[in-house]
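# Examination of the molecular architecture
Each chain, written out:
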Amino acid sequence: MATVGRVIKCRAAVAWEPNKPLVMEEIEVAPPQANEVRIKIVATAVCHTDLHHLLENMNKDGFPVVLGHEAAGIVESVGPGVTEIQPGDKVIPLFISQCRECRFCKSPKTNQCEKAWVGQHNVLSGPLSRFTCKGKKLMQFTGTSTFSEYTVVNQMAVAKIDPAAPLDKVCLLGCGICTGYGAAVNTAKVEPGSTCAVFGLGAVGLAAVMGCKAAGAKRIIAVDINPEKFDKAKVFGATDFVNPKDHSEPISQVLSKMTDGGVDFSLECVGNVGVMRSALESCVQGWGVSVIVGWTDLEDFSSRPVQLIAGRTWKGSAFGGFKGRDDVPKMVKAYLDKKLKVDEFITHNMTLDQVNDAIELMKHGKCIRTVMTVSPQ
Ligand code: NAD
Ligand code: ZN
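Quick summary incoming for the structure in this document. (Residues numbered from 1 in each chain as written. Chains lettered and ligands numbered in written order. Predicted model: local features only at pLDDT ≥ 70, side-chain atom pairs only at ≥ 80, totals over all residues. Heavy atoms only, no water.)

### A look at the overall build of the chain
When helices and strands are tallied, the chain shows eleven helices and 19 strands. Compactness check: the chain gives a C-alpha radius of gyration of 20 Å against a globular reference of 21 Å for 377 residues, within 12% of the reference. Across its three principal axes, the chain shows a C-alpha extent of roughly 65 × 40 × 35 Å. Considering only contacts in the chain between residues 6 or more positions apart, those separated by 24 or more positions represent 69%. Of the roughly 15,900 Å² that the chain leaves accessible, carbon and sulfur atoms contribute 52%. Of the side chains in the chain, 42 bear a positive and 39 a negative charge, and the two mean positions are spaced by 3 Å. (Helix = DSSP H or I, 4+ residues; strand = E, 2+ residues; numbered from the N terminus. Rg over C-alpha atoms; globule rule 2.2 N^0.38 Å. Contact = heavy atoms within 4.5 Å. Areas by Shrake-Rupley, 256 points an atom, 1.4 Å probe, with all protein chains shown as cover. Lys, Arg positive; Asp, Glu negative; His and termini not counted. Charge placed at Lys NZ, Arg CZ, Asp CG, Glu CD.)

### Focus: the packing of helix α1 (residues 48–57) against helix α11 (residues 355–363)
The description of two packed helices rests on the angle between their axes and on the distance between the axes. The geometry of α1 relative to α11 is characterised by a closest axis approach of 11 Å and an angle of 95° between their N-to-C directions. With respect to α11, the element α1 is oriented roughly perpendicular. Note on element contacts: α11 touches α1 through I359, M362 and K363, opposite H48, L51, L54 and L55. (Axes fitted to C-alpha atoms, helices over the stretch in contact; angles between N-to-C directions. Parallel < 35°, antiparallel > 145°, perpendicular 65-115°, else oblique.)

### Describing the side chain of S148
Following the sequence through the fold, S148 ends up in the loop between β9 (136–141) and β10 (150–154). Judged by relative accessible area, S148 falls into the buried class, the value being 0%. Here Y150 takes part through its backbone oxygen, which lies 2.6 Å from a polar atom of the side chain of S148. Those residues within four positions of S148 in sequence are excluded, and the remaining contacts are C10, R11, A12, I27, I41, V66, F131, L352 and V374. (Buried < 20%, exposed > 50% of the residue type's maximum accessible area, 1.4 Å probe, protein only. Polar contact = N/O pair within 3.5 Å; in protein donor to acceptor, adjacent residues only side chain to side chain.)

### Some details on the site of ligand 1
Taken together, 27 residues surround ligand 1, and among them H48, T49, D224, V293 and F319 come closest. In this structure, a nitrogen atom belonging to ligand 1 sits 2.9 Å away from a main-chain N or O atom of S317. Of all the elements in the fold, those that place two or more residues in the shell around ligand 1 are α1 and α5 (203–214). Class assignment for the residues of the shell around ligand 1 results in 15 nonpolar, nine polar and three charged. (Near = heavy atom within 4 Å. Nonpolar A, V, L, I, M, F, W, Y, C, P; charged D, E, K, R; others polar.)

### As for the state of the cysteines
Within this structure, the stated rule accounts for zero disulfides. Of all cysteine sulfurs, the one in C212 lies closest to C269, which takes part in no disulfide; the gap is 8.6 Å. (Disulfide = S-S within 2.5 Å.)

Next up, the structure:
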């Protein structure tokens with residue numbers, strides 16, 4: 001291809017500073033270096049973690065940055081040392097790498113790769129970023145940066161997927177769906193016949209509902225302060241619906257009364273330390289397991305030690321515990337085999353130029369996922 005080995009000039013949505021609209025700019029994307037892969041992004045969606053960086057965390061040291069981490073694309077070129085991936089392959093970039101060599105990758109217990117993108121504020125910066133714009137280096141959010149026509153990612157953070165996969169659908173397997181589904185199946189290890197509660201019904205929470213159902217849960221209580229989400233939760237298998245705003249007593253007491261002492265499994269998919277506490281305290285003593293999935297690093301969380309002493313377990317989950325290079329292709333296959341819902345998460349389709357509209361929709365709870373077309377497939 002004419003672009004191989006050359007800098008590519010392309011369009012990207014740049015976040016120059018916190019809490020300001022993104023700006024469509026022409027950026028330069030350097031050729032992939034050793035062990036790197038340059039990807040033409042075909043489709044990308046907005047996840048709440050992008051909003052967290054832009055609107056909630058807002059640390060100036062994390063800017064200027066190209067956000068986006070839930071995407072799918074086609075490999076344009078590869079750097080020296082890349083063996084398993086070729087130009088033309090369909091791929092999903094991974095915000096948690098899988099080097100297959102570190103002690104975490106070698107353990108079946110975790111997906112926390114030691115070589116995952118490094119750097120503060122969830123960004124690759126300085127010499128590690130392949131992006132420049134107007135003479136300035138741009139940071140790469142979570143080592144991926146998919147709000148761009150092209151990006152460069154380390155081969156450890158690239159999942160090669162079935163060539164039959166529609167990229168404008170399976171892009172959602174790059175974050176939200178795998179995160180929620182895996183949190184239920186891999187981290188909570190939901191058991192057949194159990195009772196579950198899922199707090200927060202965005203794509204992550206709805207995928208957690210889907211995971212609970214797949215694991216055989218008999219009762220799945222969907223909790224959200226936005227009742228517009230309940231119809232969708234039903235589609236994924238929720239059986240009961242609770243709006244905390246309808247109750248004057250703490251939500252953990254409401255759930256406890258509904259379930260004769262508390263749920264077996266709860267999943268926090270909001271990113272709010274108060275909700276994390278409620279989710280833990282909604283679990284039954286003795287064996288209840290609560291999983292933190294929502295993302296925040298702004299505040300400490302707390303509860304009374306007796307909650308754990310009485311036999312509850314508090315856990316966390318990143319990317320649903322999935323080892324990306326091995327497991328994302330399997331999730332794509334499950335979708336192609338009609339064993340996993342994906343289309344049902346997509347409420348809006350846009351183009352990358354409309355990224356600020358997509359962000360507004362999520363900010364106001366008006367979408368589940370907006371998939372943006374970036375380049376033709
Ligand atoms: P989203 O904004 O689409 O959904 C969040 C939902 O929570 C909304 O429906 C909202 O109405 C609901 N909510 C807000 N406050 C609530 C409360 N007090 N009680 C109950 N519900 C409440 O977000 P999303 O994209 O689904 O992401 C959810 C969370 O998961 C975010 O914090 C995101 O950063 C995090 N996340 C974590 C990982 C991970 O690997 N752990 C990966 C992706 C996303
Ligand atoms: Zn995400």
